[in-house]
Amino acid sequence: MKDRELTQRKNDHLDIVLNSALNTRRTGFEQWRFEHCALPELDLDAIDLRSALFGKALRAPLLISSMTGGASRAREINRHLAEAAQTLGLAMGVGSQRVALESDDSWGLTRELRQTAPDILLLANLGAAQIAGRNGIDYARRAVDMIEADALIIHLNPLQEALQSGGDRDWRGVLTAIARTVDALPVPVVVKEVGAGISVPAARQLAEVGVAMLDVAGAGGTSWAAVEGERAATPHARAVAMAFADWGIPTAEALLSLHQHLPQIPLIASGGVRDGIDVAKALRLGATLVGQAAGVLGSATASSEAVIAHFQVIIEQLRIACFCTGSASLRALRQATLLRVRDEV
């Protein structure tokens with residue numbers, strides 16, 4: 001695909017996510033409620049939200065998830081996100097680096113990003129289709145090197161590719177390619193879905209080839225099937241895509257299932273995370289880290305200060321959720337009483 005077409009696709013994605021209300025799916029977090037603690041016996045300001053991953057300290061267990069790829073405005077968005085991550089001590093994953101690798105413009109995905117945020121956990125990002133291509137290992141190494149990343153995200157988006165005009169339709173050999181990448185890279189490999197969730201059988205296959213961490217990226221966040229339906233060129237393509245608008249495993253369901261069946265593998269929960277209470281629920285259900293992308297995109301287009309303010313709200317909500325469950329730390333929160341309330345849905 002030509003660089004111009006790829007860039008236009010990324011611009012279309014940003015416009016649609018920013019300007020529409022396509023997502024009506026439920027994450028599954030609404031089916032859970034914490035038991036309130038009326039006697040927390042804690043100092044709210046002393047609650048410890050710190051954690052660590054891949055050798056990097058985090059002041060809160062939050063990941064600014066991958067959201068931009070090859071659009072020209074991605075340069076400013078990435079700068080705003082990196083500055084906010086550095087200020088707040090959060091992790092950050094960049095969008096797909098395919099366009100930056102295949103064109104003359106890096107769209108801000110250079111070592112300058114690392115200079116902006118020297119202390120953060122920074123994750124590079126490539127699609128599984130690129131990893132499975134003949135340049136897969138070279139691309140993976142370059143993606144990590146160009147931003148001095150601490151890990152590489154390989155994103156799985158078979159549904160989106162199936163619905164895209166010119167999408168990658170042949171997914172044979174993807175697992176083998178991921179295994180080769182794990183063996184070739186000096187940094188950990190994280191595998192994430194892009195909004196349809198990861199099942200236990202797929203997760204088990206990924207764990208067996210040495211993937212260090214999984215991002216469930218379940219249904220409830222941005223529906224990329226609906227996004228592709230919005231940008232479809234024909235009524236036929238739109239009708240095909242929109243049938244899959246609700247497709248996928250809800251985030252909370254995917255998270256709980258993976259944690260129960262594969263407790264040894266660290267998990268990122270993303271996909272429709274709205275606030276700090278959702279973050280707290282995700283941590284209780286088994287997440288090591290909780291990611292948000294579309295929810296902060298509007299702030300990211302504005303300024304670093306807007307992104308900082310956005311995540312300060314989430315962090316304060318998370319801290320109060322800890323306080324009102326009697327949890328002095330994230331370890332304690334992971335033992336808090338969480339009740340399923342299906343009848344309220």
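Residues numbered from 1 in each chain as written. Predicted model: local features only at pLDDT ≥ 70, side-chain atom pairs only at ≥ 80, totals over all residues. Heavy atoms only, no water.

**Some points on the sheet that holds strand β8 (residues 189–193)**
Thought 1: With respect to topology, eight strands assemble into a closed barrel ordered β4-β5-β6-β7-β8-β9-β10-β11, the strand pairing being parallel. In this sheet, neighbouring strand axes are inclined to one another by 25 degrees on average, regardless of whether the strands run parallel or antiparallel.
Thought 2: In the sheet, strand β6 (residues 122–127) pairs with strand β7 (residues 151–156) via five bridges, with the strands oriented parallel. Bridge pairing in β7 links Asn125 to Ile153. (Pairing = 2+ DSSP bridges. Helix = DSSP H or I, 4+ residues; strand = E, 2+ residues; numbered from the N terminus. Axes fitted to C-alpha atoms, helices over the stretch in contact; angles between N-to-C directions.)

**Looking at the UniProt feature "binding site: substrate" (unreviewed entry) in the protein chain**
Thought 1: In this numbering, the UniProt entry assigns the feature "binding site: substrate" (unreviewed entry) to Arg9, Lys10, Ser96, Gln97, Arg98 and Gln160.
Thought 2: Position of Gln97 among the secondary structure elements: in the loop between β5 (91–93) and α3 (98–102).
Thought 3: Gln97 has contacts with Leu109, Ala124, Asn125, Leu126, Ala143, Met146 and Ile147, leaving out every residue within four places of it along the chain.
Thought 4: Within the fold, Arg98 resides in helix α3.
Thought 5: When its relative accessible area of 14% is taken as the criterion, Arg98 is described as buried. (UniProt positions renumbered as here; feature names shortened; annotations may be inferred. Contact = heavy atoms within 4.5 Å. Buried < 20%, exposed > 50% of the residue type's maximum accessible area, 1.4 Å probe, protein only.)

**Things to note about the nonpolar core**
Thought 1: One finds Met92 and Leu214 to be the most contacted residues of the largest nonpolar core, which totals 86 residues.
Thought 2: Of the residues forming this core, the biggest block, eight residues, is contributed by helix α15 (residues 304–323).
Thought 3: Setting aside chain neighbours within four positions, we find Leu214 in contact with Val191, Ile198, Ala203, Leu206, Leu258, Ile265, Pro266, Leu267 and Ile268.
Thought 4: Formed by 12 residues, the second largest nonpolar core is a distinct cluster that contains Leu63, Leu123, Ala151 and Ile268. (Core = buried A, V, L, I, M, F, W, Y, C linked by side-chain atoms within 4.5 Å.)

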